[in-house]
Amino acid sequence: MIKSMTGFGRCESADERRKFTVEMKGVNHRYLDANIRMPKKLNFFESAIRSLLKESVHRGKVDIFITYEDFSESQVSLKYNETLAAEYLEKFKQMEEKFSLENDIRVSTLSRYPEVLTMEEKMDDEEELWKGLKKALDGAIAQFVQTRTVEGENLKQDLIGKLDGMLVLVGQIEERAPQIIAEYREKLEGKVKELLEDTKIDEGRIAAEIVIFADKICTDEEVVRLRSHVEHMKATLQSDDSGIGRKLDFIAQEMNREANTILSKANDLETSNIGIELKTEIEKVREQIQNIE
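To start, this report covers the structure provided alongside it. Worth saying up front: this structure is predicted, and the values here are computed from it rather than measured. (Residues numbered from 1 in each chain as written. Predicted model: local features only at pLDDT ≥ 70, side-chain atom pairs only at ≥ 80, totals over all residues. Heavy atoms only, no water.)

### Section: a nonpolar patch on the surface
Okay, so step 1: Residues Leu78, Tyr80, Leu117 and Met119 make up a contiguous nonpolar surface patch of about 450 Å² in total accessible area.
Okay, so step 2: Only β5 (76–80) and β6 (117–121) provide two or more residues apiece to the nonpolar patch.
Okay, so step 3: Along the chain, the position of Leu117 falls in strand β6.
Okay, so step 4: Overall, Leu117 belongs to the partly exposed group, its relative accessible area being 36%. (Patch = residues over 30% accessible without salt bridge, like charges linked within 9 Å, V, L, I, M, F, W, Y side chains within 5 Å. Areas by Shrake-Rupley, 256 points an atom, 1.4 Å probe, with all protein chains shown as cover. Salt bridge = Lys/Arg side-chain N within 4 Å of Asp/Glu carboxyl O. Helix = DSSP H or I, 4+ residues; strand = E, 2+ residues; numbered from the N terminus. Buried < 20%, exposed > 50% of the residue type's maximum accessible area, 1.4 Å probe, protein only.)

### Thoughts on the sheet that holds strand β2 (residues 18–27)
Okay, so step 1: Read across the sheet, 4 strands follow the order β1-β2-β4-β3 without closing on themselves; strand pairing throughout is mixed. Unpaired on one side and paired on the other, β1 (7–14) and β3 (32–37) mark the two borders of the sheet. Mean inter-strand twist for the sheet, computed between neighbouring axes without regard to direction, equals 15 degrees.
Okay, so step 2: Examined bridge by bridge, β2 and strand β4 (residues 60–70) share 10 bridges and lie antiparallel to one another. When the sheet's bridge partners are listed, Val27 is paired in β4 with Lys61.
Okay, so step 3: Running over the sheet, helix α1 (residues 46–54) touches β2, β3 and β4 and is turned about 140 degrees from β3. (Pairing = 2+ DSSP bridges. Axes fitted to C-alpha atoms, helices over the stretch in contact; angles between N-to-C directions. Contact = heavy atoms within 4.5 Å.)

### Here we look at α1
Okay, so step 1: Buried residues of α1: Ile49, Leu52 and Leu53, and no others. Looking down the long axis of α1, one finds its buried residues gathered within 100 degrees of arc, a one-sided arrangement. Within α1, the exposed residues directed more than 90 degrees away from the buried face are Ser47 and Lys54. (Arc of directions from axis to C-beta.)

### What about unusual backbone geometry?
Okay, so step 1: One non-glycine residue with positive phi stands out, namely Ser100, at about 55 degrees.
Okay, so step 2: In this structure Ser100 comes out as exposed when scored by relative accessible area, which is 68%.
Okay, so step 3: One non-glycine residue, Glu115, adopts positive backbone phi at about 70 degrees.
Okay, so step 4: Looking at where Glu115 falls in the secondary structure, it is placed in the loop between α3 (107–110) and β6.
Okay, so step 5: Look at Glu115 and you get exposed, because its relative accessible area is 52%.

Purely geometric numbers; function is a separate question.
This is how it looks when you write it as structure tokens:
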């Protein structure tokens with residue numbers, strides 16, 4: 001299934017205690033590059049999030065935004081340090097005896113001393129947190145992949161159309177090749193007749209010159225390879241393989257190489273124009289391939 005690297009996904013997972021919201025967006029990138037933004041409280045899930053993402057996404061720059069809301073009425077608890085309170089009282093008693101002072105310490109006074117009473121955030125159950133977060137992640141990733149798949153199908157149809165157009169251009173180059181040789185022979189014979197006037201033309205010499213010219217401009221091998229590359233790319237686009245973007249990019253490079261050789265051998269304006277148009281179409285194909293996972 002062809003997938004684009006451009007996509008978006010969003011999902012919320014909530015119960016009476018918590019709410020997780022996950023948003024994802026992706027753009028083109030040579031490799032998988034995931035950037036995760038989430039509350040510090042969820043940082044220890046980063047490795048699990050990346051592993052989950054890799055199961056469905058292979059290439060692209062993916063930004064993941066995670067928000068977390070806790071609806072619990074009591075998110076913190078009051079902690080009483082009995083040992084420290086006893087030490088305070090013992091010191092106060094020593095001060096009373098040492099300096100003959102009245103020990104007027106009350107509970108309300110003692111509670112205000114450092115670390116006697118502290119507010120402590122309750123630790124959430126890690127398994128319960130992951131359960132809610134994973135539900136939101138699964139939903140966002142599913143939507144993200146779906147949007148990539150829809151865009152990928154559009155890319156596939158566009159590429160196949162461009163490849164079919166390229167085959168037409170390749171066919172035109174094949175048809176033009178024998179015409180170029182025939183026109184060259186006609187020009188050569190005309191030039192020889194003009195130079196030799198009434199002298200008989202050496203057909204063997206003419207034939208030899210035609211062979212040399214034909215060999216010089218021959219693009220049969222390049223045309224065959226180019227047609228093969230185009231068909232190979234079409235077959236790859238129609239396959240069920242995933243993560244084919246790099247393979248398609250390699251095929252496009254080979255297509256461009258053959259087109260360059262055809263253009264360099266062109267000794268005919270019409271063939272040159274077709275070759276330029278062919279290279280233009282190949283470049284369009286390469287640009288589109290950059291969007292494929």
